[in-house]
Amino acid sequence: MKRDIQNVDDDIVRKKRIIEQMLYSDEDIVEALDNPDIDPSCPEDLVYTNIYPCVRIPGTQDVSKNFICFTVDDRETMPNNPVMKSQYIQFVVFVHKDHIETKYGMARHDLIGYLIRDIFNLSNALGPQMELQSNREGVTDTDYHTRTLRFELIADNS
């Protein structure tokens, strides 16, 4: 590409890159995702294997896996201040039914949801403070249990 894609001036792309790094850099997240095929010295290999910067619904696969998917969405400009906008950061955790049990006395999707809350709620990692707006459990019509966490932050409307 002719453009310097590593230095894109887009707050959504920048925030997604920060979120990716925060997730794969957290040892507890890496352990909770439970992927024995990932070399612990290369946790960035979880990106596009177990961590996705978009929401995807796992399809049929030979080996069951656990996933963290996330989105960053501009919601709206602030009505009284068009220089600022509201953004949603949404995480969707997918845990295969064969991996739901953990040694910690809680379901894996709840464990990963807790870890995400602990890392991001009231954090300034993406600039303005993120605040948890919702935390919901669900299932897919396949073999996955889910937990969806939605955070909101107020950011510059660049």
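For the structure itself, consult the block above.
Since this is a predicted model, take the numbers as computed values, not measurements.

This part covers the overall build of the protein chain. For the protein chain, the count of helices and strands is 3 helices and 5 strands. In the protein chain, the succession of helices and strands from N to C terminus is α-α-β-β-β-α-β-β. Projecting the C-alpha coordinates of the protein chain onto the three principal axes gives extents of approximately 50 × 40 × 25 Å. As displayed, the protein chain has an accessible area near 9200 Å², and 45% of this comes from carbon and sulfur atoms. Where the 17 positive side-chain charges of the protein chain centre and where its 28 negative ones centre are 5 Å apart.

Okay, a negative patch on the surface next. The grouping of Glu27, Asp28, Glu31, Asp34 and Asp118 at the surface amounts to a negative patch. When residues in the negative patch are grouped by element, the largest group, 3 residues, is from helix α2 (residues 27-33). Position of Glu27 relative to the elements: it lies in helix α2. Looking at Glu27, the relative accessible area reads 69%, which means it is exposed.

Here helix α3 (residues 108-120) is 13 residues long and its end C-alpha atoms lie 18 Å apart, about the 18 Å a rise of 1.5 Å per residue gives. Turning to α3, its buried residues number three or more, namely Arg108, His109, Leu111, Ile112, Gly113, Leu115, Ile116, Ile119 and Phe120.

Despite not being glycine, Tyr48 shows a phi value in the positive range, around 70°. Along the chain, Tyr48 turns up in the loop between α2 and β1 (51-52). A positive phi angle, near 65°, is found at Leu122, a position not held by glycine. Along the polypeptide, Leu122 turns up in the loop between α3 and β4 (131-139).

It is worth spelling out the side chain of Lys85 at this point. Position of Lys85 relative to the elements: it lies in strand β3 (residues 81-96). Exposure remark for Lys85: the relative accessible area of 4% places this residue in the buried category. A polar contact of 3.2 Å, which involves the side chain of Lys85, links it to the side chain of Asp74.

Okay, the nonpolar core next. Within the largest apolar cluster, 29 residues are counted, with the highest numbers of intra-cluster contacts made by Ile19, Leu23, Ile89, Phe91, Ile116 and Phe120. Every element with two or more residues in this core is listed here: α1 (11-24), α2, β2 (66-78), β3, α3 and β5 (144-156). With residues up to four places along the chain from it excluded, the contact list for Leu23 reads Ile29, Ile51, Ile68, Phe70, Phe91, Ile116 and Phe120. Within the second largest apolar cluster, 6 residues are counted, among which are Tyr52, Phe67, Cys69 and Tyr144.

The next thing to look at is the side chain of His99. Along the polypeptide, His99 turns up in the loop between β3 and α3. His99 sits in the buried class, given a relative accessible area of 17%.

The rules behind these values
Residues numbered from 1 in each chain as written. Predicted model: local features only at pLDDT ≥ 70, side-chain atom pairs only at ≥ 80, totals over all residues. Heavy atoms only, no water. Helix = DSSP H or I, 4+ residues; strand = E, 2+ residues; numbered from the N terminus. Areas by Shrake-Rupley, 256 points an atom, 1.4 Å probe, with all protein chains shown as cover. Lys, Arg positive; Asp, Glu negative; His and termini not counted. Charge placed at Lys NZ, Arg CZ, Asp CG, Glu CD. Patch = residues over 30% accessible without salt bridge, like charges linked within 9 Å, V, L, I, M, F, W, Y side chains within 5 Å. Salt bridge = Lys/Arg side-chain N within 4 Å of Asp/Glu carboxyl O. Buried < 20%, exposed > 50% of the residue type's maximum accessible area, 1.4 Å probe, protein only. Expected span 1.5 Å × (residues − 1). Polar contact = N/O pair within 3.5 Å; in protein donor to acceptor, adjacent residues only side chain to side chain. Core = buried A, V, L, I, M, F, W, Y, C linked by side-chain atoms within 4.5 Å. Contact = heavy atoms within 4.5 Å.

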